[in-house]
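Topology and contacts: notes
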Amino acid sequence: MEGSKIPINEEKDKDKDSDIIPKKKKFPKRLINMTKELENKKARKKHVTEINEQLEEGFLINVQGMIEIGEFFEGDVINCKYDIEFGQDWELLGGNKSNQSQQACRTEGEDNYFVWNMPFEVCLRSTNPSGWPQLVVSCYTPDFFGREILKAYGVCYFPTSKGSHERTLHMFSVKSSSGLIEAIGLILGQKAEIIKAPEVISTGEGREVIRAQSEGTVQVKFNVNIANMEYFGYNQ
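The structure contained in this document is the topic of the report that follows. Note that the structure is predicted; figures quoted are calculated from it, not measured. (Residues numbered from 1 in each chain as written. Predicted model: local features only at pLDDT ≥ 70, side-chain atom pairs only at ≥ 80, totals over all residues. Heavy atoms only, no water.)

1. Comments concerning the environment of Ile67
What counts here: Helix numbers and strand numbers start at the N terminus; a helix is a DSSP run of H or I with at least 4 residues, a strand a run of E with at least 2. A 1.4 Å probe rolled over the protein chains alone gives each residue an accessible area, and that area as a share of the maximum for its type sets the label: buried under 20%, exposed over 50%, partly exposed in between. We call two residues contacting when some pair of their heavy atoms lies within 4.5 Å.
Within the secondary structure layout, Ile67 lies in strand E1 (residues 59-72). Taking the relative accessible area as the measure of exposure, Ile67 reaches 0% and is therefore buried. Remark: the alpha-carbon pair of Ile67 and Phe120, spanning 53 residues in sequence, is separated by 8.0 Å. Residues in contact with Ile67, not counting those within four places in the same chain, are Cys80, Tyr82, Trp116, Asn117, Met118, Phe120, Val137, Val218, Gln219 and Val220.

The following block contains the structure:
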């Protein structure tokens, strides 16, 4: 009859659809575990290969430190700047090679020093200990007219062993060749300085002809970590 509906068995249709859709195959757990172990071995092998390649490029030295305080015979306001100098065989991987601190005022009391607490951190790589890194510290102070002039220089080598270390830098300033030139320099705000000071001070070239006088000391702390020196035949 027209308009009449033919009854449909929905459950039979569902069974037919389920027969058409393929069921997912379940892999044995043992096979899955073996696959994961193989992938982990490949990852470990790749990681070891990368480490060996890095080790062959050179030994590493990572230094974290702080320029803490300075004691000077004269001056009321002083700031400091550091430069890290190293040989041609060395490569800077991270950190700042140079930086400058805030100005510090002389403390009151018996201690009578300048506090900077200026941190620094570098990571270096080399295959040769020649040209071992050095820390060069330059201190500056404002003159009567507020112009910044050099106060003193200081230098020390990075410690050659792991762990925490403290170093005292003996600061010095350059004396003019005559009193007249010194007076002119004070008027012009141009005190006697070393050209390219960090390079000259770290290498020691021409130091024998420089007239210098002591200005005070600066305290520096180092935290050193050295890796892979034994691979190149060096003992710490």
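2. Side note on the pattern of salt bridges
Operational definition: Here a salt bridge means any side-chain nitrogen of Lys or Arg lying within 4 Å of a carboxyl oxygen belonging to Asp or Glu.
Following the criterion strictly, the structure yields six salt bridges and no others. One salt bridge connects Glu85 with Lys97, and the closest N-O pair in it is separated by 3.3 Å. Remark: Lys97 occurs in the loop between strand E3 (91-95) and strand E4 (98-100) and Glu85 occurs in strand E2 (residues 77-85); sequence separation between them is 12 residues. On the accessibility criterion, Lys97 (34% relative accessible area) is partly exposed. When salt bridges that share partners are traced, they join Glu68, Glu166 and Lys221 into one network.

3. Here we look at the side chain of Lys151
Rules: Pairs of N or O atoms are called polar contacts if they sit within 3.5 Å, as long as, within protein, a hydrogen donor faces a hydrogen acceptor (for residues adjacent in sequence, only side-chain-to-side-chain pairs).
Within the element layout of this structure, Lys151 appears in strand E8 (residues 148-157). A polar atom in the side chain of Lys151 sits 3.1 Å from the backbone oxygen of Glu74.

4. A word on the pairing of E1
To keep it simple, the criterion reads: Pairing between strands is defined by DSSP: at least two bridges between the two strands are required.
The sheet contact formed by E1 and strand E6 (residues 114-126) spans 11 bridges and is antiparallel. Looking across to E6, one finds that Met66 is bridged to Pro119. In the sheet, E1 pairs with strand E10 (residues 212-227) via 12 bridges, with the strands oriented antiparallel. In the strand pairing of E10, Ile61 is matched with Ile226.

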